[in-house]
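# Close look at the chain arrangement
Residues per chain, in single letters:
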Amino acid sequence: GTLGRRPTAVESAAVTSSSDVSRTGQSAAKRRLRWWRSLLVTAVAMALVAGLLVSGRGHAVGVRGPAVSASGLPGVASLKAINYDRADAAWTYVWQRWNPTEMDRDFARIAGLSANAVRIAIQPSAFGWPRPAAAMEKELTRTIAIAWAHRLRVEVVLFDWWGSYTDLVSSDHWARAVLAPLRNNAKVAFIELQNEIKPEDPQAMAWVRHELPVVKHAAGHIPVTVSVTNNGSFTAVEQLAALKSAM
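Residues numbered from 1 in each chain as written. Predicted model: local features only at pLDDT ≥ 70, side-chain atom pairs only at ≥ 80, totals over all residues. Heavy atoms only, no water.

This part covers the packing of aromatic side chains. Per the stated rule, a full pass over the model turns up eleven aromatic pairs. On the basis of an interplanar angle of 55° and a centroid distance of 4.8 Å, the ring pair of Phe159 and Trp162 is categorised as tilted. For the pair Phe159 and Trp207, a centre-to-centre distance of 5.0 Å together with 85° between the ring planes defines the contact as edge-to-face. On the criterion of sequence distance, the pair formed by Phe159 in the loop between β5 (153-157) and α8 (168-179) and Trp207 in helix α9 (residues 202-219) is long-range, its members being 48 residues apart. Positioned above the aromatic ring of Tyr93 is the side chain of Arg97, whose terminal nitrogen or guanidinium carbon lies 3.7 Å from the ring centre. (Phe/Tyr/Trp six-rings, centres within 6.5 Å; stacked < 30°, edge-to-face > 60°. Helix = DSSP H or I, 4+ residues; strand = E, 2+ residues; numbered from the N terminus. Lys NZ or Arg CZ within 6 Å of the ring centre and 35° of its normal.)

With that settled, the discussion passes to the packing of α8 against α9. α9 packs onto α8 with a crossing angle of 25° between their chain directions and a minimal axis gap of 9 Å. Looking at the two axes, α8 sits roughly parallel to α9. The two elements α8 and α9 meet at a crossing, and its hand is right-handed. Residues Leu168, Ser171, Asp172, Ala175, Arg176 and Leu179 of α8 pack against Trp207, His210, Glu211, Val214, Val215, Ala218 and Ala219 of α9. Across the contact of α8 with α9, the residue classes tally to eight nonpolar, two polar and three charged. (Axes fitted to C-alpha atoms, helices over the stretch in contact; angles between N-to-C directions. Parallel < 35°, antiparallel > 145°, perpendicular 65-115°, else oblique. Left-handed = near helix turned anticlockwise from the far one by under 90°. Contact = heavy atoms within 4.5 Å. Nonpolar A, V, L, I, M, F, W, Y, C, P; charged D, E, K, R; others polar.)

Glancing now at the pattern of salt bridges. Inspection of the entire model under this criterion finds three salt bridges. Residue Glu102 is joined to Arg105 by a salt bridge in which the shortest nitrogen-to-oxygen separation is 3.1 Å. Here Glu102 and its partner Arg105 are both found in helix α5 (residues 100-112), three residues apart, which amounts to about one turn of the helix. For Glu102, a relative accessible area of 29% translates into the label partly exposed. (Salt bridge = Lys/Arg side-chain N within 4 Å of Asp/Glu carboxyl O. Buried < 20%, exposed > 50% of the residue type's maximum accessible area, 1.4 Å probe, protein only.)

End to end, α9 covers 25 Å across 18 residues, agreeing with the expected 26 Å (1.5 Å per residue, within 8%). Along α9, the largest kink reaches about 30° and is centred on Glu211; proline Pro213 follows within four residues of it. Taken together, the buried positions of α9 are occupied by Ala204, Met205, Trp207, Val208, Glu211, Leu212, Val214, Val215, Lys216, Ala218 and Ala219. N-cap assignment for α9: the residue whose side-chain oxygen lies 3.0 Å from the backbone N of Gln203 is Asp201. Residue Gly220 follows α9 closely and has a positive phi angle near 75°. (Expected span 1.5 Å × (residues − 1). Bend = angle between axes of the 7 residues up to and from the residue. Polar contact = N/O pair within 3.5 Å; in protein donor to acceptor, adjacent residues only side chain to side chain.)

Mapped onto the elements of the fold, Arg142 is located in helix α7 (residues 134-149). When the C-alpha positions of Arg142 and Pro100 are compared, they lie 8.1 Å apart, and in sequence the two are 42 residues distant. Excluding residues that lie within four positions of it along the chain, Arg142 makes contacts with Trp98 and Pro100.

With twelve residues, α8 should reach 16 Å at 1.5 Å per residue; the first-to-last C-alpha distance of 16 Å fits that figure. Restricting attention to buried positions, one finds in α8 the residues Ser170, Ser171, Asp172, Trp174, Ala175, Ala177, Val178 and Leu179. Elements in contact with the buried residues of α8: α6 (124-127), α7, β6 (188-192) and α9.

In spatial order, the strands read β3-β4-β5-β6-β7; together these five strands make up an open sheet with parallel pairing. A strand with exactly one partner marks an edge of an open sheet, and here the two such strands are β3 (81-83) and β7 (224-225). Where β6 meets β7, two bridges bridge the pair, whose relative direction is parallel. Paired with Ile191 across the two strands is Val224, which belongs to β7. (Pairing = 2+ DSSP bridges.)

See below:
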């Protein structure tokens, strides 16, 4: 298995080897757990055509995505995505210790696995809040360009590690600022409003109902979705059904 041998660079982007776990202890174990949870959420979302896509009126609707987008690139339904975190710089450190050389090497190997997309999360705490830092916006733009050099589209996950659901003004401002350079960018496969939203949280759902139309307008033609967790009393499918009902 993966944990019994030296991992490839691509595997290292998401998991650590058993020796890494012994050296880094709980921190590495948490990174591995988060990767598997995120991968499951992504797989379920992809199987259900990226969860819920937003129509032009801002209402959440269940749809079948096309195999090929209007730009001629792989559509949502045909994406084969890998969740991306560097083993030596996970979560916020992907941006705070941004390394384009390592990223280019990893993306090349991801493409070599026949993937056609990478999933990358953005944390307001790392990017700057309520206004993203100019340096971080440049890193995101360059990350998308590096991915595209290997014919990989990018799924951009917004509002990771964030839960200030009553701060609508700041969340609107931040989302518009992050997405302004990406509007209608065909290299972006879709925008995920937030990772693992909880449909049973009324504040979270009120925020989702408010923020989805804002993000959809800022994204232009790029599809917008939101994911749910499978770590709780509900299965992922039940969570998606609850999310749709809550919308």
